[in-house]
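# Structure assessment
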Amino acid sequence: SFAGWFQQCDAAFGDAGNLVVGIPCLTSVKNLLFWLEICGVSVQGSPEAQAVVREFERMQESLSGDDFDRFCLQHTEGLVQLAAGLPNVTGLHFMPVTAKGYKQLMQLELP
């Protein structure tokens, strides 16, 4: 889980300096799967990853394009809030990688 991984990083590096957290700007199920693969997360081996993928699949199938884009934006805003509340985090690195991701990034309301 992210929380467990972050605790390990904070324990190893927290006192040594500041941490920057990468935030993917997720825009589709395909984009989510791309990020999980890059991060070395096996969807089959992670109930947390399975739950997020199922949620994105359900929302992408049931919402209009604009509503799904809003859902993705809200998800990214949630990641920002989560990261901003972590100890020793002094910066966020946004990773939009797609045109829709860049559009989403421009719509983010940052704390």
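Just above sits the structure.
Since we're looking at a predicted model, the values are computed, not measured. (Residues numbered from 1 in each chain as written. Predicted model: local features only at pLDDT ≥ 70, side-chain atom pairs only at ≥ 80, totals over all residues. Heavy atoms only, no water.)

## A look at the pattern of salt bridges
Following the criterion strictly, the structure yields two salt bridges and no others. K100 is the partner of D69 in a salt bridge, and the nearest nitrogen-oxygen pair spans 2.9 Å. Of the two residues, D69 is situated in helix α4 (residues 65-84) and K100 in helix α5 (residues 99-107); the sequence distance between them amounts to 31 residues. On the accessibility criterion, K100 (43% relative accessible area) is partly exposed. (Salt bridge = Lys/Arg side-chain N within 4 Å of Asp/Glu carboxyl O. Helix = DSSP H or I, 4+ residues; strand = E, 2+ residues; numbered from the N terminus. Buried < 20%, exposed > 50% of the residue type's maximum accessible area, 1.4 Å probe, protein only.)

## Some thoughts on the layout of surface pockets
For the largest pocket, the calculated volume is near 920 Å³. Every residue lining the largest pocket is counted, 28 residues in all, and those nearest its centre are F2, L36, C39, V41 and L79. Of all the secondary-structure elements, those providing two or more residues to the lining of the largest pocket are α1 (2-13), β1 (19-24), α2 (29-38), α3 (47-62) and α4. With six residues, β1 is the largest single contributor of residues to the lining of the largest pocket. Considering only residue class, the lining of the largest pocket consists of 23 nonpolar, four polar and one charged. (1 Å grid on protein atoms, 1.4 Å probe; cavity = no way out; pocket = protein on both sides within 12 Å on 5 of 7 lines; lining within 4 Å. Points joined across faces, edges and corners; volume = space filled by probe spheres on them. Nonpolar A, V, L, I, M, F, W, Y, C, P; charged D, E, K, R; others polar.)

## Overview of the packing of aromatic side chains
Counted by the stated rule, this structure contains four aromatic pairs. Measuring from ring centre to ring centre gives 5.4 Å for F34 and W35, while their planes differ by 80°; the resulting arrangement is edge-to-face. Consider the rings of F56 and F71, whose centres lie 5.0 Å apart with planes at 65°: the pair is edge-to-face. Placement of the pair is F56 in helix α3 and F71 in helix α4, with a sequence separation of 15 residues. On the basis of relative accessible area, F56 is assigned to the buried category, the value being 0%. Among the aromatic residues, those joined into a ring-pair cluster are F56, F68 and F71. (Phe/Tyr/Trp six-rings, centres within 6.5 Å; stacked < 30°, edge-to-face > 60°.)

## Regarding the environment of G45
Structurally, the position occupied by G45 is in the loop between α2 and α3. The spacing of G45 and E109 is 64 residues in sequence and 33 Å in space, taken between C-alpha atoms.

## Quick word on the packing of α4 against α5
For the pair α4 and α5, the least separation of the axes is 10 Å and the interaxial angle reads 60°. By the criterion of interaxial angle, the relationship of α4 to α5 is oblique. In this structure, α4 meets α5 at a crossing whose hand is right-handed. Contacts from D69, C72, L73, T76 and E77 of α4 reach α5 at K100, Q104 and Q107. When its residues are assigned to classes, the contact of α4 with α5 shows two nonpolar, three polar and three charged. (Axes fitted to C-alpha atoms, helices over the stretch in contact; angles between N-to-C directions. Parallel < 35°, antiparallel > 145°, perpendicular 65-115°, else oblique. Left-handed = near helix turned anticlockwise from the far one by under 90°. Contact = heavy atoms within 4.5 Å.)

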